[in-house]
Amino acid sequence: MFFLKMSLGAVQGLFQKPFRKNEILQQLYFVGNGSLLIIVFCVCFAAVVTILESSFHMKMVIQNDSMVPGFAALLILRELGVVVTALLLTSRVGAGFAAEVGSMQVTEQVDALKMLGIDPVQYLVSPRLIACILGSLFLVIVANLTCLFCAMLVSENMLGYSAQMFLTSMRRFVSFQDLIFAMIKGVVFGTVIPLVSCYFGFFCKPGADGVGKATTQSVVFSSITIIVLDFVLSYTFSFFY
Amino acid sequence: MKVETKVGLLAVLSLVLILVFASMMGMISPFSNANELNIMYNYAGGIEEGSPIRVMGIKVGKVKKILFDPTYKSASGEEVKLRIIITVDKKAWSSVRQDSRFFINLAGVIGEKFLEISPGSTEKPEFKPGDYVRGEDPPRIDQLISQGYGLAGKVIEMLNKNEGSVTNMITQLDKLTTNFNKTLVLFDKTAQNAEFSRLLKNAIKISDDTAYLMGNLRSKKAEDTYELVHRLLFRLEPVDGPRIKKFFQEEGIRAKIF
């Protein structure tokens, strides 16, 4: 119940003054720029594994891997780029949010905000929510495209398909709406991460142990939510093809 | 660098990457170097927007748009209801002539559809951008299967109705084959017989001699001989019977003496 109330409060807080522009920018920097390198690094390796494994399996089954660039690109755009990004964001940003809010809860800073007449949800959750939504959106785009370029590079150097052949095969399977759906998923996951993390932060038990548990729980719960929501969204989007 | 600038750079990078992706998908092509043509079909056989266009097997463009145009009538009065707008690179534009033909073909392991343009003859003029052309409708496999299915049904029905006749026909055919086989065996045995071989050899010799004779009869010498005989007969014609009789009697007596 508190989760729903907090979520609604956070969304309302986005449209209520004062707009804490600097705080939002700081959080966006933390979410977006701070996670950029680690996400790009991880998705590049995921792309390499995806395309090589696809090629191996295709060669094993039909002795021909000419469709691999298209399949790999589709898999990257529909699942890999978004889910890996979201899970990495959960680990890095979600854990950070949970620990930060949890520490404030434990040290009664949240209560102090209430005493000052400041809504802690609007003060703490709303900037993180908008920052995480935008950051996740930017990161999903960058991750997907980096992943595609990486797959293209691997297919050129290891599978013998030129960039033009990769693009031709990709165009056979991929359409622009795949990127749009990936962006929608990014926005949804970007909404889930701060809400779940802040929720566990608000319900943090006293002591360092409590903060640790809240952080762990937030990461676990966010990851599960992301996986489940990914299934729901993928199933829903399948009706648009 | 300020935080705002760094965040702004990330946003700009995302936007640029979206544009790059759109360009990769062929949705935007700011440096396009292609002309458009409208190809009319009644059945497009599963071609899609973005399908490649090939001239002599080389990709030179893509299907830009597919439109339903129920009111369109060609210059010959034919109703053609499907309009496929294609782009053809300018480098291949001069190969596409007014007598070029537009086929929908299959390629690749997964049966990718593409539009093949046969190169036209140089005597015919080039198309103008935006011209309307009638394409060659691909064969409908579904109709073919349906017709084949109907045909198979009719054959089965006919067989069921005339079961006795068909059985009889098969028996007769079997007998005919057996008899034919026996005849062949007999012929083989006869061919191996010595007398028959001699007969055959003689027949071959006669045939050779006849051919030689006929060849000689057609020669210049034979023609001259024929002419001589003809002249002799012409000269003998006025000679009366008693004088010939007398001549042969005298000749006969002379022959007896000598």
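Our structure's up above, just so we're on the same page.
It should be emphasised that the depicted structure is a prediction, and the values quoted were computed from it without experimental measurement.

Visitor: What am I meant to see in the packing of helix α1 (residues 2-14) of chain A against helix α5 (residues 120-159) of chain A here?
Guide: The geometry of a pair of packed helices is captured by two quantities: the angle between their axes and the separation between those axes. All names here are of chain A. Where α1 contacts α5, the axes come no closer than 8 Å and their chain directions differ by 75 degrees. Accordingly, the angle class assigned to the pair α1 and α5 is roughly perpendicular. Seen from α1, the contacting residues are Met6, Gly9, Ala10, Val11, Gly13 and Leu14; seen from α5, they are Val121, Gln122, Val125, Ser126, Leu129 and Ile130. Of the residues contributing to the contact of α1 with α5, the split by class is 8 nonpolar, 4 polar and no charged.

Visitor: What is the right way to look at the pattern of salt bridges in this model?
Guide: Where charged atoms of side chains with opposite charge meet at close range, the side chains can pair. Throughout the structure, instances matching the rule amount to 14 salt bridges over all chains. Two residues, Arg97 of chain B and Glu126 of chain B, come together in a salt bridge whose shortest N-O distance is 3.8 Å. A residue pair is termed long-range when its members are at least 10 positions apart, and Arg97 of chain B in the loop between α2 (90-93) and β5 (102-107) and Glu126 of chain B in the loop between β6 (112-117) and β7 (132-134) qualify at 29 residues. Assessed through its relative accessible area of 15%, Arg97 of chain B is described here as buried. Overlapping salt bridges, with partners in common, bring together Glu23, Glu100 and Arg128 of chain A in one network.

Visitor: How should the interface of chain A and chain B be read in this particular structure?
Guide: Often the size quoted for an interface is simply the accessible area lost on bringing the parts together. With 29 residues of chain A in contact, the opposing surface of chain B contributes 22 residues. For the pair chain A and chain B, the two sides together bury roughly 2400 Å², of which 79% comes from carbon and sulfur. Put simply, chain A and chain B have 0 salt bridges between them. Residue assignment for the side of chain A that touches chain B shows that the elements contributing at least two residues are α2 (21-62), α5, α6 (163-173) and α7 (176-202) of chain A. With 8 residues, the single largest contributor to the side of chain A that touches chain B is α2 of chain A. When its residues are assigned to classes, the side of chain A that touches chain B shows 20 nonpolar, 7 polar and 2 charged.

Visitor: It is not clear to me how the packing of aromatic side chains should be interpreted in this structure. Could you clarify?
Guide: Each aromatic ring pair is characterised by the separation of its centres together with the angle its planes make. In the structure shown here, the tally under the stated rule is 13 aromatic pairs over all chains. The interplanar angle of 5 degrees and the centroid separation of 4.2 Å between the aromatic rings of Phe181 of chain A and Phe237 of chain A together place this pair among those described as stacked. Taken as a pair, Phe181 of chain A in helix α7 and Phe237 of chain A in helix α8 (residues 207-237) lie far apart in primary sequence, 56 residues in all. Phe237 of chain A shares its class with Phe181 of chain A; the two are buried. The ring of Tyr123 of chain A has Arg20 of chain A sitting right over it, with the charged end atom 3.7 Å from the ring centre. The lysine or arginine in question, Arg54 of chain B, covers the ring of Phe114 of chain B, its NZ or CZ lying 5.0 Å from the ring centre.

Procedures and definitions
- Residues numbered from 1 in each chain as written.
- Chains lettered and ligands numbered in written order.
- Predicted model: local features only at pLDDT ≥ 70, side-chain atom pairs only at ≥ 80, totals over all residues.
- Heavy atoms only, no water.
- Axes fitted to C-alpha atoms, helices over the stretch in contact; angles between N-to-C directions.
- Helix = DSSP H or I, 4+ residues; strand = E, 2+ residues; numbered from the N terminus.
- Parallel < 35°, antiparallel > 145°, perpendicular 65-115°, else oblique.
- Contact = heavy atoms within 4.5 Å.
- Nonpolar A, V, L, I, M, F, W, Y, C, P; charged D, E, K, R; others polar.
- Salt bridge = Lys/Arg side-chain N within 4 Å of Asp/Glu carboxyl O.
- Buried < 20%, exposed > 50% of the residue type's maximum accessible area, 1.4 Å probe, protein only.
- Buried area = accessible area lost by both parts, 1.4 Å probe.
- Phe/Tyr/Trp six-rings, centres within 6.5 Å; stacked < 30°, edge-to-face > 60°.
- Lys NZ or Arg CZ within 6 Å of the ring centre and 35° of its normal.

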